[in-house]
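Residue-level structure breakdown
Here are the chains, one letter per residue:
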Amino acid sequence: MKSALIVTALINDAVRIDKSILTAPYDMVICCDAGADRAMELGIRPDTIVTDFDSTRKVSPADAESQGPDGPEFIVLPHRKDMTDTERS
């Protein structure tokens, strides 16, 4: 079975997170918007970043435009929407 870690901006209190969750081996790490910031702060390398760039500070549209084979895949969402980035439509 494959596993994924999904990091959102709500992971803002690393003290309360069970560290084994963050260090477990995952097949894929997906970060949602400012979750990319949180992942990088925790030393986690994202495979995919889903973002509209409205809350991330460490990732920019230029990063998405210049994505290379060793960097994360970017899925860019429109920033004008009625839902949050992690809300199901």
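Attention here is on the structure that accompanies the text. (Residues numbered from 1 in each chain as written. Predicted model: local features only at pLDDT ≥ 70, side-chain atom pairs only at ≥ 80, totals over all residues. Heavy atoms only, no water.)

Below, the discussion takes up the sheet that holds strand β2 (residues 28–32). Spatially, four strands are ordered β1-β2-β3-β4 in an open sheet, and the strand pairing comes out parallel. Each edge of the sheet is formed by a strand with only one pairing partner; in this case those strands are β1 (4–7) and β4 (73–76). Across this sheet, the average inter-strand angle for adjacent strands is 15°, counted without regard to direction. For β1 and β2, the ladder comprises four bridges, and the chain directions are parallel. Pairing of Ile6 across the sheet is with Ile30, part of β2. (Pairing = 2+ DSSP bridges. Helix = DSSP H or I, 4+ residues; strand = E, 2+ residues; numbered from the N terminus. Axes fitted to C-alpha atoms, helices over the stretch in contact; angles between N-to-C directions.)

So, about the pattern of salt bridges. The full count for this structure, using the stated rule, is two salt bridges. Note that Glu41 is salt-bridged to Arg38, the shortest N-O span being 3.4 Å. Placement of both Glu41 and Arg38 in helix α2 (residues 35–41) is noted, with a separation of three residues, approximately one turn of the helix. Residue Glu41 pairs with Lys58 through a salt bridge whose shortest N-O separation is 3.9 Å. With Glu41 in helix α2 and Lys58 in the loop between β3 (48–51) and α3 (61–65), the pair connects residues that are 17 residues apart, well separated along the chain. Residue Glu41 is classed as partly exposed on the basis of its relative accessible area of 48%. Residue classification places Lys58 among the partly exposed residues on the basis of a relative accessible area of 45%. Connected through salt bridges with shared partners, the residues Arg38, Glu41 and Lys58 form a single ionic network. (Salt bridge = Lys/Arg side-chain N within 4 Å of Asp/Glu carboxyl O. Buried < 20%, exposed > 50% of the residue type's maximum accessible area, 1.4 Å probe, protein only.)

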